[in-house]
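Commentary on secondary and tertiary structure
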Amino acid sequence: GDEDGCGVFVGDLFITAGHCLEDDPTIKFTFEGVTHVLNREDALFRVFNEKAPNGLDLAIFRVPGIMSPLKLEKYSPKLGDKLKSISYRHWEENDETGLGTIIHYDIIDCIAESSGDVEGNYYATSTDVSLKPGSSGSPAFLDGKIVGILHGGNNKGNNEPCNKALPLNMCYYLSSNAIIKVLDSLELSYATSQ
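The text that follows walks through the structure, step by step, so that each part is easy to find. (Residues numbered from 1 in each chain as written. Predicted model: local features only at pLDDT ≥ 70, side-chain atom pairs only at ≥ 80, totals over all residues. Heavy atoms only, no water.)

A separate point is the nonpolar core. Formed by 20 residues in total, the largest nonpolar core has its most connected members in Ile15, Leu58, Ile60, Leu174 and Ile179. When contributions to this core are tallied by element, the ones reaching two or more residues are strand E1 (7-10), strand E2 (13-16), strand E6 (57-62), strand E11 (145-153) and helix H1 (176-185). For this core, the leading source of residues is H1, giving five residues. (Core = buried A, V, L, I, M, F, W, Y, C linked by side-chain atoms within 4.5 Å. Buried < 20%, exposed > 50% of the residue type's maximum accessible area, 1.4 Å probe, protein only. Helix = DSSP H or I, 4+ residues; strand = E, 2+ residues; numbered from the N terminus.)

Structural data, given as structure tokens:
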């Protein structure tokens, strides 16, 4: 549809933010020339409970035929840790003739520096690029291993803050520790670093 969201593969598990599935029942993506459709009813786990610090914003699917080398890292954020955040965004502009629309597709590769603020299953960062709607569910990496997925940020989309008291580039990530707990409770096999 018109809504974007991001996700990441760990082995054959597709992991994203649960709120990415609130309005649209399907996720569509193409991997190595094959189009996959994931229906939210097929999720192994799907919760969107952002109100409680110990709540979860998480959806997990198994996708046979895909095997990612990425791993989850048990991680507790520390002040000043510099994480690599990778997300996707599309945006549109009118062409110069005014007769059509040009659609741009961008990969957003930025640094998310931990502020040291941890509340329940989430930790805060400041990013060197202001992440906008559509980046939810994207992974954060530390030394090449996944340490969280983006839950949300303070940018409504037009460089307007959701909360004027906070910086525009503030983002919150669901910690990999919370994701690992869910995977363990479901007795799902997954790749983690030891």
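Next, the rest of the story.
Unlike most non-glycine residues, Asp143 shows phi in positive territory, near 55°. Locating Asp143 in the fold gives a position in the loop between strand E10 (139-142) and E11. Under the relative-accessibility criterion, Asp143 is labelled exposed at 71%.

This paragraph deals with the sheet that holds E1. Spatially, the four strands line up as an open sheet ordered E1-E2-E6-E5, and their pairing is antiparallel. In this open sheet, the two edge strands, each paired with only one partner strand, are E1 and strand E5 (45-48). Neighbour to neighbour, the strand axes of the sheet diverge by 20° on average, direction disregarded. Strand contacts of H1: E2, E5 and E6, with the helix running at about 45° to E6, the strand carrying the most contacts. (Pairing = 2+ DSSP bridges. Axes fitted to C-alpha atoms, helices over the stretch in contact; angles between N-to-C directions. Contact = heavy atoms within 4.5 Å.)

Taken as a whole and assessed by the stated rule, the structure comprises four salt bridges. Glu113 is the partner of Lys82 in a salt bridge, and the nearest nitrogen-oxygen pair spans 3.0 Å. Placement of Lys82 in strand E7 (residues 82-94) and of Glu113 in strand E8 (residues 101-119) is noted, with a sequence separation of 31 residues between them. For the salt bridge of Lys84 with Asp109, the shortest nitrogen-to-oxygen distance reads 3.1 Å. Here the residue Lys84 occupies a position in strand E7, and Asp109 occupies one in strand E8, the gap between them amounting to 25 residues. The class for Lys84 is partly exposed, based on a relative accessible area of 37%. With relative accessibility at 43%, the residue Asp109 sits in the partly exposed group. (Salt bridge = Lys/Arg side-chain N within 4 Å of Asp/Glu carboxyl O.)

Taken together, the four bridges between E1 and E2 define a ladder with antiparallel strand orientation. Bridge assignment links Phe9 to a residue of E2, and that residue is Phe14. Count of turn residues in the E1/E2 antiparallel hairpin: two residues, of which Gly11 carries a positive phi of about 60°.

Further remarks concern the packing of aromatic side chains. Under the criterion given, the structure shown has six aromatic pairs. A ring pair is formed by Phe9 and Phe31, whose centres lie 6.5 Å apart and whose planes are at 40°; its orientation type is tilted. Of this pair, Phe9 sits in strand E1 while Phe31 is found in strand E3 (residues 26-31), placing the two residues 22 residues apart along the sequence. Given a relative accessible area of 12%, Phe9 falls into the buried group. With a centroid separation of 5.7 Å and 70° between ring planes, the pair formed by Tyr75 and Tyr123 is classed as edge-to-face. On the criterion of sequence distance, the pair formed by Tyr75 in the loop between E6 and E7 and Tyr123 in strand E9 (residues 122-127) is long-range, its members being 48 residues apart. Cluster of aromatic residues (ring-pair linked, three or more members): Phe9, Phe14, Phe29 and Phe31. (Phe/Tyr/Trp six-rings, centres within 6.5 Å; stacked < 30°, edge-to-face > 60°.)

Let us now look at the sheet that holds E11. Taken in spatial order, the six strands of this closed barrel run E7-E8-E9-E12-E11-E10, and their pairing is antiparallel. Taken over all neighbouring pairs, the strand axes of this sheet differ in orientation by 40° on average, direction set aside. Direction of pairing for E9 relative to strand E12 (residues 170-175): antiparallel, over a ladder of five bridges. Residue pairing across strands places Tyr122 opposite Leu174, the latter belonging to E12. Seen against the sheet, H1 touches E11 and E12 and runs at an angle of roughly 30° to E12.

All right, on to the side chain of Ser85 then. Along the chain, Ser85 turns up in strand E7. In terms of polar contacts, Ser85 uses its side chain to reach the side chain of Tyr173, at 2.9 Å. Apart from the residues lying within four places of it in its own chain, the contact partners of Ser85 are Ile108, Asp109, Cys110, Ala112, Leu131, Ser138, Pro139, Ala140 and Tyr173. (Polar contact = N/O pair within 3.5 Å; in protein donor to acceptor, adjacent residues only side chain to side chain.)

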